[in-house]
Amino acid sequence: MQKFVDRAGRIWIVDIDNTTLRRVKALTGVHLLEAIDGDLVTRLSTDPLLLGDVLFAICKPQADKQEITDESFGEGLAGNAIDDATGALLEALLNYFPESRRRLLRKAAEKQKLIETRGISAIEKRLDDPNLVDKIVEDLERKLGVPTSSNSSSDLPASSESIQVP
């Protein structure tokens, strides 16, 4: 059984069996077995609201015993608790399946992690670009038609002082 601690300090056990699969499907419409050959791993890893709904459905018996509502459960999922909960869910899914399917799910989880890592790296490189602000401002000025210092003064309308009145 896997577990995670939410930001309220509550410990949640994430254990998946057939009853859990049915409960998750009934409460969220999510079929956890799609984690093997669908995009569910990606959706759970990138959508914290979906992750929260699925985790609450998994942990509902524990929440009911502690009289914790869906809303209160969701309030506990923020910051590092989201990463911890995602890891616990993926490990629990791995443990549910027989070894032959675990390999496939593990590959899917590894690919998702690689995609996230490379995506974050690309974003960091872009944010570290010392010319980023200038590029964004120039692009915005161009789109708005704002005259820039590179435009010649002849492009500007004449001031009222330079207009000769007969």
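The model shown is predicted, which means the values in this text are computed figures rather than measured ones.

### Details of unusual backbone geometry
One non-glycine residue with positive phi stands out, namely E67, at about 55°. In this structure, E67 sits in the loop between α3 (48-66) and α4 (70-75).

### With respect to the environment of L55
Its place among the elements puts L55 in helix α3. Owing to a relative accessible area of 0%, L55 belongs among the buried residues under this scheme.

### Side note on the pairing of strand β2 (residues 11-14)
Burial along β2 is one-sided: W12 and V14 are buried, while I11 and I13, pointing the other way, are not. Sheet analysis places strand β1 (residues 2-5) next to β2, joined by 4 bridges and oriented antiparallel. Paired with F4 across the strands is W12, a residue of β2. Hairpin connection of β1 to β2: 5 residues between the antiparallel strands, including G9 at a positive phi of 85°.

### A closer look at the nonpolar core
Grouped together as the largest cluster of nonpolar side chains are 34 residues, with contacts concentrated most on L32 and L89. Those elements that provide at least two residues to this core are β2, α1 (18-28), α2 (40-46), α3 and α5 (80-96). Here the element with the most residues in this core is α3; it accounts for 9 residues. If near-sequence neighbours (up to four positions away) are discounted, L89 is found in contact with V14, I16, L44, L51, V54, L55 and I58.

### Regarding the packing of α3 against α5
Between α3 and α5, whose axes approach to 11 Å, the crossing angle comes to 55°. For the element pair α3 / α5, the angle class is oblique. Seen from above, α3 lies across α5 with left-handed handedness. Between α3 and α5, the contacting residues are P48, L51, V54, L55 and I58 on the first element and I82, A85, T86 and L89 on the second. Residues of the contact of α3 with α5, tallied by class, amount to 8 nonpolar, 1 polar and no charged.

### Comments concerning the pattern of salt bridges
Within this structure, the stated rule accounts for 6 salt bridges. Salt-bridge contacts for R43 lead to D39; the nearest nitrogen and oxygen are separated by 3.7 Å. Of the residues examined, R43 reaches a relative accessible area of 31% and is grouped as partly exposed. For D39, a relative accessible area of 44% gives the class partly exposed.

Thresholds, definitions, all that
Residues numbered from 1 in each chain as written. Predicted model: local features only at pLDDT ≥ 70, side-chain atom pairs only at ≥ 80, totals over all residues. Heavy atoms only, no water. Helix = DSSP H or I, 4+ residues; strand = E, 2+ residues; numbered from the N terminus. Buried < 20%, exposed > 50% of the residue type's maximum accessible area, 1.4 Å probe, protein only. Pairing = 2+ DSSP bridges. Core = buried A, V, L, I, M, F, W, Y, C linked by side-chain atoms within 4.5 Å. Contact = heavy atoms within 4.5 Å. Axes fitted to C-alpha atoms, helices over the stretch in contact; angles between N-to-C directions. Parallel < 35°, antiparallel > 145°, perpendicular 65-115°, else oblique. Left-handed = near helix turned anticlockwise from the far one by under 90°. Nonpolar A, V, L, I, M, F, W, Y, C, P; charged D, E, K, R; others polar. Salt bridge = Lys/Arg side-chain N within 4 Å of Asp/Glu carboxyl O.

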